Amino acid sequence: MIKILIADDNSFIREGMKIILSTFADFEVLAAVEDGVQAVAYCETHRVDVALLDVQMPIMNGVEATKEITERTATKVLILTTFDHDAYILDAVKFGAKGYLLKNNEPERIREAIISIYHGHSVLQDTVLEKLKENLIAERPNQGENILKIDTSLFTEREREIMLLISRGLSNKEISKSLFLSEGTIANHISTILSKSGLKDRTQIAIYCLKGDLA
């Protein structure tokens, strides 16, 4: 059972999300709070597996709360918001958010993201990855130190294919359907990619591909 916290200052969205997520048998929604301070305090005093944070909240916003939660607790953070501004995305990822999705996603997509994050993966949807790509292109002269230089010959053709699909924002389930492979096989390939490359997670794989280093 994945234990979830929801933080959103909009009571309609907050309670609606609580009702929707509670319908999934693999989730337990522990609480729904209205600002970042409450979210941090709850994660510090309860075992929360995944915290869903809105960005714009009073007292402490979701990006600031992400930093506090990831530094002080073992809770993994999924930013779930209507905002896709560059600064929010970059700061949230920098501060340790494992996922960044927009609220207009279907409940099943949000469910898959929560499960993926719970199992240690990162989830960024395509519009968010595009924002990261634009930022990387703008800062390309200064990006050399941020991601390791990797010998691309280390990767098999299948691994390269999976890396490119990750960079397009696909989940393991979507990749498995695209390549006609099991989700377990995809997960094994990703573990091998991380081991070979020294990259930390899916987000770094995506950034590595978006920089054009896999070409």
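Up top is the structure these notes are about.
What you see as residue numbers is a count from 1 along each chain, following the sequence as written. Owing to the predicted nature of the model, reporting of local features is limited to residues with pLDDT of at least 70; listing and counting of side-chain atom pairs is limited to 80 or more, with chain, interface and lining totals taken over all residues. Side-chain numbers come from the whole structure's heavy atoms, not from hydrogens or water.

## Describing the environment of T203
Move 1: The helix and strand labels rest on DSSP assignments: H or I over at least four residues marks a helix, E over at least two residues marks a strand, and numbering proceeds from the N terminus. Position of T203 among the secondary structure elements: in helix α10 (residues 202-210).
Move 2: A relative accessible area of 7% means that T203 is categorised as buried.
Move 3: Separated by 80 residues in the primary sequence, T203 and V123 place their C-alpha atoms 7.4 Å from one another.
Move 4: Whether two residues are in contact is decided by their heavy atoms: any pair within 4.5 Å suffices. Residues contacting T203, with those up to four places away along its chain left out, are V93, S122 and L124. Exposed residues in this analysis have more than 50% of their type's maximum accessible area, buried residues have under 20%, and partly exposed residues fall in between, with area computed by a 1.4 Å probe over protein chains only.

## Things to note about the packing of aromatic side chains
Move 1: Paired rings are identified among Phe, Tyr and Trp, the last through its six-membered ring, by centres lying within 6.5 Å, and are further divided according to the angle between planes into stacked (under 30 degrees), edge-to-face (over 60) and tilted (the rest). Going through the model one piece at a time under the given rule, you end up with 1 aromatic pair.
Move 2: The interplanar angle of 75° and the centroid separation of 5.7 Å between the aromatic rings of F24 and F27 together place this pair among those described as edge-to-face. Accessibility assignment for this pair places F24 and F27 in one class, buried.
Move 3: Taking NZ or CZ as reference, K67 lies 5.9 Å from the ring centre of F95, over its face. Consider the ring centre and the ring normal. A charge sits over the ring if Lys NZ or Arg CZ is within 6 Å of that centre and within 35 degrees of that normal.

## Quick notes on the nonpolar core
Move 1: Definition used in this section: a nonpolar core is a set of buried Ala, Val, Leu, Ile, Met, Phe, Trp, Tyr and Cys residues joined via side-chain atoms within 4.5 Å. Judged by nonpolar contacts, the single largest core of 24 residues is most densely connected at L5, A39, L53, I69, I79 and Y100.
Move 2: Elements represented by at least two residues in this core include exactly β1 (2-7), β2 (27-33), α2 (36-45), β3 (50-53), α3 (62-72), β4 (76-81) and α4 (86-94).
Move 3: With 4 residues, α2 is the single largest residue contributor to this core.

## A short note on the pattern of salt bridges
Move 1: The working definition used for a salt bridge is a side-chain nitrogen of Lys or Arg within 4 Å of a carboxyl oxygen of Asp or Glu. Under the definition given, this model contains 14 salt bridges.
Move 2: Note that E68 and R72 form a salt bridge whose closest N and O atoms lie 2.6 Å from each other. A residue pair is termed a helical-turn pair when its members lie 3 or 4 positions apart in one helix, as E68 and R72 do in helix α3 at 4 residues.
Move 3: The residue K196 makes a salt bridge to E159 at a minimum N-O spacing of 2.9 Å. Of the two residues, K196 is situated in helix α9 (residues 183-197) and E159 in helix α7 (residues 157-167); the sequence distance between them amounts to 37 residues.

## A word on the sheet that holds strand β6 (residues 123-124)
Move 1: Here the rule is simple: two strands pair whenever DSSP picks up at least two bridges between them. Pairing within the open sheet is parallel, and its 6 strands lie in the order β2-β1-β3-β4-β5-β6. In this open sheet, the two strands that pair with only one neighbour each are β2 and β6.
Move 2: Inspection of the sheet shows β1 paired to β2 by 6 bridges, in the parallel sense. Along β2, the bridge assignment pairs I2 with F27.

## Let's talk about unusual backbone geometry
Move 1: Even without being glycine, I59 reaches a positive phi, approximately 70°.
Move 2: With respect to the element layout, I59 can be found in the loop between β3 and α3.
Move 3: A positive phi angle, close to 55°, is found at F180, a residue other than glycine.

## Some words on the side chain of T75
Move 1: Checked against the element boundaries, T75 lands in the loop between α3 and β4.
Move 2: Among the polar contacts made by the side chain of T75, one reaches the main-chain carbonyl oxygen of V48 at a distance of 2.9 Å.
Move 3: Not counting residues within four places of it along the chain, the set of residues in contact with T75 comprises C43, V48, D49, V50, A51, I69 and T70. N or O atoms closer than or at 3.5 Å make up a polar contact, with two conditions inside protein: a donor-capable atom paired with an acceptor-capable one, and, for residues adjacent in sequence, both atoms drawn from side chains.

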